[in-house]
Protein chains: 2
Amino acid sequence: MNHEELFANTAVNSWKLVIGQLNKILASLSDEELQKEVAPGRNRILYLVGHLAAVHDRMFPLLGLGDRLHPELDAPFIENPDRKVAHNLSPGELRGAWTEVNTKLTAAFEALRPEQWLERHTAVSEEDFRKEPHRNRLAVLLSRTNHASFHTGQIRLAK
Amino acid sequence: MNHEELFANTAVNSWKLVIGQLNKILASLSDEELQKEVAPGRNRILYLVGHLAAVHDRMFPLLGLGDRLHPELDAPFIENPDRKVAHNLSPGELRGAWTEVNTKLTAAFEALRPEQWLERHTAVSEEDFRKEPHRNRLAVLLSRTNHASFHTGQIRLAK
């Protein structure tokens, strides 16, 4: 493995470790337990699962990896706080969307060549990217990995 | 900037963003507020500050970047749960240790050449590293960045 491959693999591996850690916690919780708040008056675990699924689903177009799978998650899980918008997604459907998004996303990550991680993401213009080369796919991957860790820490409290 | 520099810079930048996010939260909290639990019966914010300072301090020897600054943090903040071991560190002293460790660590990170991130960390033998080249400094950096995000999510709940 050359240096660029090692850099890219280590970053994708970090993503996989965080997703795996959260999957393990979620697998240990019943659908009823997903209704628990992470702390009194705060988000329910179920909301955070929907939130993370929606944020990760947005990475497909953001990273130029294809179309979204579940745009219907945005209104209840990104644009509004917990309990604000009615939706009829069951805990099982949310678990399914979460798993589907991460599985397909991770496969797309593993198919990228190392140098493609350093290309711009679609939220930055070509002109801005010439001045700010750190606004690349890798920065998005690390940022979303940190974001997933942030909410995993919260979900862990309710476990 | 060449590819290796971009990979390394993006990873160090992700660390700096997470530390900066937590610093901002901590700056907004009074010393009294640091005594709050992140959720009922869970760790106090102050404990998590000591815990993260100790874990980050251990990165100096782990990454071959020098000696530890605050080994006295291990007993109260890593080896034992909150409230188990008496210590006489004031909130101000803990804030100081936290800032000192991260400042010196970040400076050491920024002084590394890109390829040095792919060298082994000191907890893996040369022999094992030949078989497992992903057990490098970068993997530790990303893991600790995720760990800091995990606890930042918890601290954010008490804010």
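This is a predicted model, so every value here is computed, not measured.

A. Local environment of helix α5 (residues 91-111) of chain A. All names here are of chain A. Between the first and last C-alpha of α5 there are 30 Å, a value that for 21 residues agrees with the 30 Å anticipated at 1.5 Å per step. Residues of α5 that are buried include every one of P91, L94, A97, W98, V101, N102, L105, T106, A108 and F109, and no others. Buried residues of α5, viewed axially, fall in a sector of 160 degrees; they line one side.

B. The arrangement of the relation of the copies chain A and chain B in detail. Aligned on chain B, chain A shows an RMSD of 0.0 Å; the corresponding rotation is 180 degrees and the shift along the axis is 0.0 Å. The superposition of one copy onto the other is thereby described by a two-fold rotation axis. Across chain A, the rotation axis passes nearest the C-alpha of A:F150, at a separation of 2.1 Å. Taken together, the interface assignments show that 100% of the residues at the interface of chain A recur at the interface of chain B, consistent with an identical surface on both copies.

C. Just the nonpolar core, in detail. Core analysis: the biggest nonpolar cluster contains 92 residues, and A:I45, A:F109, A:W117, B:I45, B:F109 and B:W117 have the highest contact counts within it. Contact partners of A:I45, with chain neighbours within four places excluded, come to A:L26, A:L29, A:E33, A:L34, A:K36, A:V38, A:I155 and A:A158.

D. Fine view of the interface of chain A and chain B. Opposite the 34 residues of chain A that make contact, chain B presents 34 residues. Buried surface at the junction of chain A and chain B, summed over both partners, amounts to about 3,000 Å²; 71% is from carbon and sulfur atoms. For the pair chain A and chain B, the interface holds 0 salt bridges. Counting only elements with at least two residues in the side of chain A that touches chain B, the list comes to α1 (3-27) and α7 (137-158) of chain A.

E. Expanded view of the pattern of salt bridges. Residues and elements named next belong to chain B. This structure, assessed with the given rule, holds 28 salt bridges over all chains. A salt bridge links D57 to R68, with the shortest nitrogen-to-oxygen separation between them at 2.9 Å. One end of the pair, D57, is in helix α2 (residues 45-57); the other, R68, is in the loop between α3 (59-62) and α4 (74-77), with 11 residues separating them in the sequence. Note on D57: relative accessible area 0%, which makes it buried. Residue class for R68 comes out partly exposed when judged on its relative accessible area of 21%. A salt bridge links D82 to R83, with the nearest nitrogen and oxygen atoms 3.5 Å apart.

F. How the structure looks around the packing of aromatic side chains. Residues and elements named next belong to chain B. All told, the structure shown has 7 aromatic pairs over all chains when counted by the stated rule. The interplanar angle of 75 degrees and the centroid separation of 5.2 Å between the aromatic rings of W15 and F109 together place this pair among those described as edge-to-face. One end of the pair, W15, is in helix α1 (residues 3-27); the other, F109, is in helix α5 (residues 91-111), and 94 residues separate them in sequence. Of the two residues, W15 and F109, neither departs from the other in class, the shared state being buried.

Calculation criteria
Residues numbered from 1 in each chain as written. Chains lettered and ligands numbered in written order. Predicted model: local features only at pLDDT ≥ 70, side-chain atom pairs only at ≥ 80, totals over all residues. Heavy atoms only, no water. Helix = DSSP H or I, 4+ residues; strand = E, 2+ residues; numbered from the N terminus. Expected span 1.5 Å × (residues − 1). Buried < 20%, exposed > 50% of the residue type's maximum accessible area, 1.4 Å probe, protein only. Arc of directions from axis to C-beta. Least-squares fit on C-alpha atoms with pLDDT ≥ 70 in both. Contact = heavy atoms within 4.5 Å. Core = buried A, V, L, I, M, F, W, Y, C linked by side-chain atoms within 4.5 Å. Buried area = accessible area lost by both parts, 1.4 Å probe. Salt bridge = Lys/Arg side-chain N within 4 Å of Asp/Glu carboxyl O. Phe/Tyr/Trp six-rings, centres within 6.5 Å; stacked < 30°, edge-to-face > 60°.

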